[in-house]
Each structure stands twice: as structure tokens, then as C-alpha cells.
Amino acid sequence: DVLSYGQRDRRWCHGNFQHFWLIFGDKMRFGHRLFFANGILAYTFSLLILLLVGLGFVDVLWRGGYEFDPKLFWSFVGFLGFVMVFPRLLGLIRICKDRGAPLLREAGSTGVEFLISLLVFPLLFYMHSVFIFGILTGNEVRWESQPRGWTGIAWKTGTKVFWVPTILGVGVTYLSAILTSSFPYFMTPILFSWVLAIPIAVIASSPRLGNRLVRTGLFPDGLSPEEQSVLEGK
């Protein structure tokens with residue numbers, strides 16, 4: 001679920017930022033400096049993307065409109081699709097070739113995973129930004145183990161964690177629709193996920209949903225043999 005994933009990411013984010021001064025350390029190889037910098041940028045990219053989106057929105061409001069460019073829009077969609085789809089396509093080809101897995105089943109698993117990723121990634125952008133802000137302001141990070149025997153995210157918990165992106169998503173969508181109808185096209189993946197942040201977090205964390213997907217034959221490697229036996233009632 002997104003909260004357990006975020007809890008782990010918060011620890012990793014904190015650990016990566018602790019390596020910041022090692023980038024400038026003495027007798028450090030250039031490759032190692034890049035390694036530490038990449039670990040930090042892996043999380044700061046989320047904040048930079050949100051800042052870029054925010055500045056673009058402010059610019060649109062300042063100029064009083066936005067001129068939609070179809071070439072720019074479709075080139076953006078094509079590049080984003082290539083970055084997100086091509087690695088998954090290579091993974092699908094490899095697992096079908098090396099393991100002899102059924103193409104239809106693996107393609108279905110890849111498609112469902114891709115859809116869930118599109119919905120969840122904007123939530124991670126928000127969470128990573130919160131993590132970075134907390135680290136820079138000196139908030140304590142507790143290194144606790146992730147919960148086991150997960151039963152899902154309650155609606156109350158989902159509302160408590162994701163009410164801010166929900167309000168931002170509704171507000172930006174509303175203002176964009178009134179002031180510049182073309183701007184939301186570029187923002188659709190983020191705005192859609194933010195407006196529905198709470199139900200996405202709750203539904204995506206549901207063990208019942210995961211069990212149903214596994215029973216249909218999707219994600220065959222998602223469970224251990226012991227978990228698979230329990231699911232099948234053996």
C-alpha cells in the first residue's frame with residue numbers, strides 16, 4: 001500500500017540526505033559523488049516537478065490564458081509514455097522469453113501495474129515533497145519496521161494523510177477550467193490522482209482487491225508459496 005511504501009521511502013530519503021556532505025568529502029571518487037547525488041535527486045525530483053507545475057500554473061494565471069500547442073502536447077505525452085512503457089515492455093519480453101510465462105497473463109499483470117502506477121505516482125510526488133520539507137525543517141524520522149499482517153488503509157487515515165493534495169487538485173482543476181481550459185490537459189495525470197487521492201489510497205491498499213487480482217491469475221509472483229496456499233484454502 002502507498003502508506004507502507006511511503007514509510008519505507010521516508011527512511012531512505014532521510015538516509016540519502018545524510019550523505020549530502022559526503023559529496024564534497026576529501027579523497028572521494030567522482031563516481032561515488034555521483035552515486036550519493038543521484039540518491040538525493042531521486043527524491044528531490046518530485047519536489048522539482050511540483051514546483052515546475054506550480055510555476056507553470058502561476059504563469060498561466062499571470063498571463064490570463066494559455067495557448068494550446070498540439071505538437072508540444074503530443075510530444076510530451078509520447079515522451080512520458082516511452083519512459084513509462086518501454087522498460088515495462090522489455091521486462092514483459094524477458095519474463096516471457098526466459099521463464100516461458102504465458103504472454104496474456106503477464107501482459108495483463110503489466111497493464112494493471114501500469115494503471116496503478118499512474119494513479120499512485122502523483123501521491124508519491126506529494127509524499128516525497130513532504131518528506132524533504134520535514135528533513136529540511138529538522139523533523140525527527142523514526143526508523144521503525146513496516147507493519148505486518150496489513151489490513152488496508154481506513155478512510156479516516158486516508159483522509160488525514162491526503163486531504164491536502166485533494167484540496168489542491170480540486171482547486172487547480174476548478175481555476176484551470178475557468179481561466180484556461182487547455183492547461184489541465186498537461187496536468188491530467190496529476191490532477192486526476194490528487195482529486196481522487198483518498199479513494200485511490202484506500203482502494204489500492206485493500207487486501208481484498210489484491211486477493212481478487214491474484215485469483216484471476218494476475219501477479220503470479222506476488223505471493224510466496226505459503227501465502228498462495230492460504231489464499232487457495234489448502
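Rules used in this analysis
Residues numbered from 1 in each chain as written. Predicted model: local features only at pLDDT ≥ 70, side-chain atom pairs only at ≥ 80, totals over all residues. Heavy atoms only, no water. Helix = DSSP H or I, 4+ residues; strand = E, 2+ residues; numbered from the N terminus. Buried < 20%, exposed > 50% of the residue type's maximum accessible area, 1.4 Å probe, protein only. Contact = heavy atoms within 4.5 Å. Areas by Shrake-Rupley, 256 points an atom, 1.4 Å probe, with all protein chains shown as cover. Expected span 1.5 Å × (residues − 1). Phe/Tyr/Trp six-rings, centres within 6.5 Å; stacked < 30°, edge-to-face > 60°. Axes fitted to C-alpha atoms, helices over the stretch in contact; angles between N-to-C directions. Left-handed = near helix turned anticlockwise from the far one by under 90°. Nonpolar A, V, L, I, M, F, W, Y, C, P; charged D, E, K, R; others polar. Core = buried A, V, L, I, M, F, W, Y, C linked by side-chain atoms within 4.5 Å. pLDDT = per-residue confidence, 0-100. Bend = angle between axes of the 7 residues up to and from the residue.

## Side note on the overall build of the protein chain
Broken down by element type, the protein chain carries 9 helices and 0 strands. Considering the protein chain as a whole, with its 234 residues, one finds that 31% of them fall into the buried category. When contacts within the protein chain are restricted to residue pairs at least 6 apart in sequence, long-range pairs at least 24 apart make up 78% of them. Working note: accessible area of the protein chain is about 15700 Å², and carbon and sulfur atoms make up 68% of it.

## Quick notes on helix α1 (residues 2-18)
Spanning 17 residues, α1 covers 24 Å between terminal C-alpha atoms, matching the ideal 24 Å at 1.5 Å per step. Considered for burial, the residues of α1 that qualify are Val2, Leu3, Ser4, Gly6, Asp9, Arg11, Cys13, His14, Gly15, Asn16 and Phe17. Buried positions along α1 lie against α2 (30-63), α4 (103-136), α5 (155-179) and α7 (197-204).

## Things to note about the packing of aromatic side chains
This structure, assessed with the given rule, holds 5 aromatic pairs. With a centroid separation of 5.0 Å and an interplanar angle of 15°, the aromatic rings of Phe82 and Phe86 are classed as stacked. Of this pair, Phe82 and Phe86 are both found in helix α3 (residues 70-98), 4 residues apart, which corresponds to roughly one turn of the helix. Given the relative accessible area of 38%, Phe86 is considered partly exposed. Put simply, the rings of Phe20, Trp21 and Phe24 pair up and form one aromatic cluster.

## What about the packing of α4 against α7?
For the pair α4 and α7, interaxial distance at closest approach is 10 Å and the crossing angle is 115°. Relative to α7, the crossing made by α4 is left-handed. For the pair α4 and α7, contact is made by Leu119, Val120 and Leu123 and by Ala197, Ile200 and Ala201, respectively. Across the contact of α4 with α7, the residue classes tally to 6 nonpolar, no polar and no charged.

## As for the nonpolar core
Taken as a class, soluble globular proteins show a tendency for nonpolar side chains to be buried jointly. In terms of nonpolar packing, the biggest core is built from 31 residues, with Val2, Cys13, Leu123, Met127 and Phe162 touching the most fellow members. At the level of secondary structure, the elements contributing two or more residues to this core comprise α1, α2, α4, α5, α6 (183-195) and α7. Looking at which element gives the most residues to this core, the answer is α4, with 8 residues. Not counting the four nearest positions on each side in its chain, Met127 is found in contact with Val2, Leu3, Gly6 and Phe162.

## Here we look at the confidence of the model for the protein chain
Across the protein chain, the average pLDDT comes to 80, with 84% of residues at 70 or higher. When mean pLDDT is compared element by element in the protein chain, α7 scores highest at 91, while helix α9 (residues 225-231) scores lowest at 61.

## Thoughts on α2
Maximal helix bending in α2 amounts to about 40°, located at Tyr43. Looking at α2, one finds that the buried residues are Phe36, Gly39, Ile40, Tyr43, Thr44, Ser46, Leu50, Val53, Phe57 and Val60.

## Some words on the environment of Ile135
Tracing the sequence through the fold places Ile135 in helix α4. With 117 residues separating them along the chain, Ile135 and Gln18 place their C-alpha atoms 9.7 Å apart. Those residues in contact with Ile135 that sit more than four places away from it in its chain are Cys13, His14 and Phe17.

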